[in-house]
Amino acid sequence: LVVCANEVEVGADDDVRIELELREELRDVTEKKAESAAAVAEFQTVVDAAQKRLDACVEQDKKLEANFIRALGDIDEDVIKKLLNLYKRRKNPARKDKTTSRAGKSLRAAGRRVSRAGAALRAADKLKSSK
């Protein structure tokens with residue numbers, strides 16, 4: 001009986017020790033969860049801002065494409081489709097300087113798009129005049 005009581009006492013001590021360890025682990029996990037939630041919230045704001053910029057760029061690209069098609073106007077529809085396919089398959093230029101402002105990058109990108117549209121118009125004129 002004494003041995004059994006001793007084992008119960010040792011088991012109770014083990015239970016208390018295990019409970020303390022589990023509480024400490026729970027506290028650590030709760031802290032990590034709070035840190036993770038803060039990091040996720042911070043990153044979500046970055047993602048939302050990037051999504052807004054992407055949506056604006058997509059909208060601008062659609063407008064440029066529509067203006068490009070309107071500018072070509074009386075050119076054969078097959079030529080327009082070929083020019084658009086070539087334009088869409090183009091390689092995006094590599095970014096050289098990442099330290100410049102977003103506005104400067106946007107202006108340079110818009111300038112490149114205008115230059116490409118001008119080159120496409122010149123190519124269309126050449127095709128038109130060669131017929």
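Above this text sits the structure in question.
Residues numbered from 1 in each chain as written. Predicted model: local features only at pLDDT ≥ 70, side-chain atom pairs only at ≥ 80, totals over all residues. Heavy atoms only, no water.

## Structural notes on the pattern of salt bridges
Line of reasoning, step 1. Counting across every chain of the model gives three salt bridges.
Line of reasoning, step 2. In this structure, glutamate 21 and arginine 17 form a salt bridge, with 3.2 Å as the shortest nitrogen-oxygen distance. Pair noted here: glutamate 21 and arginine 17 are both in helix 1 (residues 2-72), with a separation of four residues, about one helical turn.
Line of reasoning, step 3. Residue class for glutamate 21 comes out partly exposed when judged on its relative accessible area of 43%.
Line of reasoning, step 4. For arginine 17, a relative accessible area of 42% translates into the label partly exposed. (Salt bridge = Lys/Arg side-chain N within 4 Å of Asp/Glu carboxyl O. Helix = DSSP H or I, 4+ residues; strand = E, 2+ residues; numbered from the N terminus. Buried < 20%, exposed > 50% of the residue type's maximum accessible area, 1.4 Å probe, protein only.)

## Observations regarding the nonpolar core
Line of reasoning, step 1. Residues Phe68, Leu72, Ile75, Val79, Ile80, Leu83 and Leu84 constitute the largest nonpolar core, which totals seven residues.
Line of reasoning, step 2. Secondary-structure elements contributing two or more residues to this core are helix 1 and helix 2 (77-88). (Core = buried A, V, L, I, M, F, W, Y, C linked by side-chain atoms within 4.5 Å.)

## Section: a nonpolar patch on the surface
Line of reasoning, step 1. Together, Phe43, Val46 and Val47 make up an exposed nonpolar region whose accessible area comes to about 270 Å².
Line of reasoning, step 2. On the secondary structure map, valine 47 appears in helix 1. (Patch = residues over 30% accessible without salt bridge, like charges linked within 9 Å, V, L, I, M, F, W, Y side chains within 5 Å. Areas by Shrake-Rupley, 256 points an atom, 1.4 Å probe, with all protein chains shown as cover.)

## Here's the deal with a negative patch on the surface
Line of reasoning, step 1. On the surface, a cluster of negative charge is contributed by Glu24, Glu25, Asp28, Glu31 and Glu35.
Line of reasoning, step 2. Mapped onto the elements of the fold, glutamate 35 is located in helix 1. (Lys, Arg positive; Asp, Glu negative; His and termini not counted. Charge placed at Lys NZ, Arg CZ, Asp CG, Glu CD.)

## Side note on helix 2
Line of reasoning, step 1. Look at helix 2: 16 Å from first C-alpha to last across twelve residues, which is about the 16 Å you get at 1.5 Å a residue.
Line of reasoning, step 2. Taken together, the buried positions of helix 2 are Val79, Ile80, Leu83, Leu84 and Tyr87. Buried residues along helix 2 cover an arc of 135 degrees about the axis, so they all sit on one side. Residues Lys82, Leu86 and Lys88 are exposed on helix 2 and point more than 90 degrees away from its buried face. (Expected span 1.5 Å × (residues − 1). Arc of directions from axis to C-beta.)

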